[in-house]
Amino acid sequence: MFAMAAALAHAQGTRLGFYARTCPRAESIVRSTVQSHFRSNPAIAPGLLRMHFHDCFVQGCDASILIDGPNSEKTAPPNRLLRGYEVIDDAKTQLEAACPGVVSCADILTLAARDSVFVTRGINWQVPTGRRDGRVSLASDTSNLPAFTESIDSQKQKFAAFGLNTQDLVALVGGHTIGTSACQFFSYRLYNFTNGGPDPTINPAFLPQLQPLCPQNGDGSRRIDLDTGSGNRFDVSFFANLRNGGGILESDQKLWTDASTRGFVQRFLGERLRGMRPLNFNVEFARSMVKMSNIGVKTGTNGEIRRICSAIN
């Protein structure tokens, strides 16, 4: 993990320990801030993880998702329900007091995403830093984000455009092991999906559990765990649910029904397939996060260091 992080970082211009001299407490300040907010509101952990993903897939990992404005990224439909902005603002305020004008919002968000996995009992990994903040944030650019109805082929194309392969896709979607979804994004699967009935990929034994939570014409904003039975812990339960027909989002369940991704789900669950070894989900998730976190990063004289994460300097 250390070697891979260092190699990827070098290729992108970020590096491990970027703030070792200029702001030695940077990473500890971010972590303690995430831990503090998580204790009072566990929903910020999946929120920050999703926020980082949504940031990197639009204009690269440059914190453009944090910028306020009438047509900024955070106003786009895929981003309207994201949570955790206050955590980034809190960390930034503390870092500006300790090291004014040094630590970028892009690095704060990247570190906070890692720490969100850690506080939910997932893996800890080293994060290359040295990103600078972008100045462009447009809601119209969010079409790169995979949708909850999207086919696996389409998802693979979007990931491949950023140098991420099929294993990275399955690992990163596995981040849905923590967090929730609103009923409005999946309740259509429970009722009139095909021929007036539910989505046939849903385990029939699971339907009586889901339908009372998201009744037809009910409250679309009600939130349900994406990983039934383990929504607050970073583990492989999400993949076990997919194997059992218990995926919540249509795009998640497709990881099992599509032959090109099913094998990775099985290997994350400890199975050996055709001589290929099982995969450690936590380790592979961290590898994929390091790769994703270096998409389109701005370093050197590109970008800026925002003093306030929601506003361009």
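Now for a look at the structure at hand. Numbering of residues begins from 1 in every chain and follows the order in which that chain's sequence is written. Side-chain atom pairs in this predicted model are given and counted only at pLDDT of 80 or more, local residue features only at pLDDT of at least 70, and totals for whole chains, interfaces and linings cover all residues. Computation of side-chain values: all heavy atoms of the structure, hydrogens and water removed.

Structural notes on the environment of serine 151
- Summarising the element assignment, serine 151 is placed in the loop between α5 (105-119) and α6 (152-160).
- Between the C-alpha atoms of serine 151 and aspartate 227, which are 76 residues apart in sequence, the distance is 20 Å.
- Of note is the side chain of serine 151, whose polar atom sits 3.1 Å from the backbone nitrogen of serine 154. Numbering goes from the N terminus for both helices and strands, where a helix is a DSSP run of H or I of at least four residues and a strand is a run of E of at least two. The term polar contact refers here to a pair of N or O atoms within 3.5 Å; inside protein, the definition further demands a hydrogen-donor-capable atom paired with an acceptor-capable atom, and it admits residues adjacent in sequence only when both atoms are side-chain atoms.

Some details on the state of the cysteines
- The criterion for a disulfide is a pair of cysteine sulfur atoms lying within 2.5 Å. Within the structure shown, the criterion is met by 4 disulfides.
- Across the disulfide from cysteine 23 sits cysteine 99; the S-S distance is 2.0 Å. Taking the sign of the S-S torsion, 75° for the link of cysteine 23 and cysteine 99, the bridge is right-handed. Placement of cysteine 23 in the loop between α1 (2-12) and α2 (26-40) and of cysteine 99 in the loop between α4 (85-98) and α5 is noted, with a sequence separation of 76 residues between them. Side by side, cysteine 23 and cysteine 99 carry an identical accessibility label, which is buried.
- Across a sulfur-sulfur distance of 2.0 Å, cysteine 56 and cysteine 61 are joined as a disulfide pair. Residues cysteine 56 and cysteine 61 are joined by a disulfide whose S-S torsion is about 120°; by sign, that bridge is right-handed.
- Any residue under 20% of the maximum accessible area for its type is buried, any over 50% is exposed, and the rest in between are partly exposed; the area is computed with a 1.4 Å probe on protein chains only. Its relative accessible area of 0% is what places cysteine 56 among the buried residues.
- The buried category is assigned to cysteine 61, whose relative accessible area is 1%.
- Described in terms of the sequence order of its bonded cysteines, the disulfide pattern of the protein chain is 1-4, 2-3, 5-8, 6-7.

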